Amino acid sequence: MRAPFDLTAGWLATAAGGRLVSGDPATVVSGISIDTRTIQAGALYIAIRGERLDGHAYLADAAARGAAGLLVAEASGAPRPDGPFVIAAADTLAALQAIGREVRRESHATVIAITGSAGKTTTKELTAALLESRYSVFRNRGNLNNHIGLPLSLAELKAGPDVAVVELGMNHKGEISALVALAEPEIRVWTNVGNAHIGFFASREAIADAKAEILERPRPGDRLVVNADDPLIAGHARTFQGRVVTFGLSEGADVRAVGVTPRGIDGTDATIETAKGSIDVHVPLVGLGNLMNVLAAAAVAIELDVPLDEIARRVSGLAPASKRGEVIRTPDGLTVIDDSYNSSPAALLQSLAALAATGAGRRAAVLGEMLELGDHAVGLHEECGRAAADARLAWLVTVGGAPASAMARAALAAGMASGAVEHVATAAEASEAAAGRVRPGDIVLVKGSRGIGVDRVVARLKGEAA
């Protein structure tokens, strides 16, 4: 653990590229917030002007809730309440980002930045779990992985961790580039190229081009950890001006899984081969995708000198992040695979394959529409509908608009019985439909884009089983 350090009003004004308008430059803040609903006493409140709300309208509220300081736009005419110190800057969002970057530099933490079309959050959590055997580790909360969330996360490095593991999200070109400039990572991890957000891009190749921004601004000694099984990644990785470490199932991968034995919803067994030796692991997470996430995390851990036996021990004790493949077993025998946080076609296909590999019990699924797929939406949903039929589901409920309806029709065309497939428009309707079909002993996968809200289905099934 490195020594923590204080953020003072004077330091913050300089880091933000602004000026201290009023207050004592030695005043120390407890943290940084952009939301008066969750601000802690003693924090710096930064007034961000967004598409719907202007944070300058909440300055008085921030002061009333105990903010030690306010960071405002120079041009804002909003009244500034007495009490907190005031920093003025030309652009408050740019100021937030500059503060995050400067705290990151002051902390001297080793930063690991993760991107990919699927599994970013899981890989982040797995990487942190493996590194915690040797280091004090910070990981960004939830999905604080964009141009606002990332600098807020970096500001927390004032606590002095040895290592910070952060994820970088994007749905448009240029976003990863901006985030890399903020995080300045020593280790970059690129997990995969899928079709998530393909509605904003012309092709998977275009997605890969945008994700490849993770390679930008390398310094001597920086490392890149990449998926050896993805040819779109391999082409870009060859251009990286630093050390490249590969993981995957392919022969020649630096961190390679062999002897892979799928155990359905009970996880996967494999041997991991590395230059430092081999270890047998049991990955207690659903699907082959999670084996790949473990390989990525293990590759990072090996780079940071975590012993192989410690990696194997920690992998066996892993647990999924909330709503990301949680296996919920109820007293009366119902099993719910709660993967309701989000979905993409590639991730859904992997989840259905894991479900198909599961033995006892009727297999079933509630599948929500996958958003941001643009003109590819119907075709990708049809592919998943056929995979649902191949998984030999006893019943299937699809949720959402026309693409989800196409998924249901594709499942029927691929052989599912007409009475076994139902399409509904809303998560509330899906909850009722699933509750009417489920029986003790069923194994039910619940997965969909966050905007569809299929977590309501999970809650209802847990209630039905209680």
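Residues numbered from 1 in each chain as written. Predicted model: local features only at pLDDT ≥ 70, side-chain atom pairs only at ≥ 80, totals over all residues. Heavy atoms only, no water.

Observations concerning the overall build of the protein chain
Now for step 1: When helices and strands are counted, the protein chain shows 15 helices and 22 strands.
Now for step 2: Relative to its length of 466 residues, the protein chain is compact, with a C-alpha radius of gyration of 24 Å against a globular reference of 23 Å.
Now for step 3: Its C-alpha atoms give the protein chain principal-axis dimensions of roughly 70 × 50 × 45 Å.
Now for step 4: Residues classed as buried in the protein chain amount to 55% of the 466 residues present.
Now for step 5: Intrachain contacts of the protein chain at a sequence separation of at least 6 include 66% that bridge at least 24 residues. (Helix = DSSP H or I, 4+ residues; strand = E, 2+ residues; numbered from the N terminus. Rg over C-alpha atoms; globule rule 2.2 N^0.38 Å. Buried < 20%, exposed > 50% of the residue type's maximum accessible area, 1.4 Å probe, protein only. Contact = heavy atoms within 4.5 Å.)

A closer look at a nonpolar patch on the surface
Now for step 1: On the surface, Leu249, Val260 and Leu288 cluster together into a nonpolar patch covering about 190 Å² of accessible area.
Now for step 2: Its place among the elements puts Val260 in strand E14 (residues 255–262). (Patch = residues over 30% accessible without salt bridge, like charges linked within 9 Å, V, L, I, M, F, W, Y side chains within 5 Å. Areas by Shrake-Rupley, 256 points an atom, 1.4 Å probe, with all protein chains shown as cover. Salt bridge = Lys/Arg side-chain N within 4 Å of Asp/Glu carboxyl O.)

Examining the nonpolar core
Now for step 1: Ranked by internal contacts, the top residues of the largest apolar core, which has 52 residues, are Ile32, Leu44, Leu71, Ile99, Leu168 and Trp190.
Now for step 2: If near-sequence neighbours (up to four positions away) are discounted, Ile32 is found in contact with Leu7, Leu12, Ala43, Leu44, Ile46, Leu96, Ile99, Leu152 and Ala155.
Now for step 3: The next biggest cluster of nonpolar side chains, apart from the first, holds 41 residues, and it includes Val137, Ile272, Val294 and Ala298. (Core = buried A, V, L, I, M, F, W, Y, C linked by side-chain atoms within 4.5 Å.)

Observations regarding the environment of Ala95
Now for step 1: Here Ala95 lies in helix H3 (residues 92–107).
Now for step 2: What Ala95 contacts, discounting residues up to four positions off in sequence, is Ala16, Leu71 and Ala89.

Points about the packing of aromatic side chains
Now for step 1: Scanning the model with the defined rule gives zero aromatic pairs in all.
Now for step 2: A cation sits over an aromatic face here: Arg324 above Tyr341, 3.7 Å from the ring centre. (Phe/Tyr/Trp six-rings, centres within 6.5 Å; stacked < 30°, edge-to-face > 60°. Lys NZ or Arg CZ within 6 Å of the ring centre and 35° of its normal.)

A look at the sheet that holds strand E21 (residues 421–424)
Now for step 1: The strand order across the open sheet formed by six strands is E17-E18-E22-E19-E20-E21, and the pairing between neighbours is mixed. Two strands close off the open sheet at either side, each with one partner strand: strand E17 (326–329) and E21. Sheet twist, expressed as the average angle between the axes of neighbouring strands with direction ignored, equals 15°.
Now for step 2: Note: strand E19 (residues 363–368) against strand E20 (residues 395–399), five bridges, orientation parallel. Its bridge partner lying in E20, Leu367 is registered against Thr398.
Now for step 3: Helix H11 (residues 345–356) contacts strand E18 (335–339), E19 and strand E22 (443–447) of the sheet and is inclined by roughly 175° relative to E22. (Pairing = 2+ DSSP bridges. Axes fitted to C-alpha atoms, helices over the stretch in contact; angles between N-to-C directions.)

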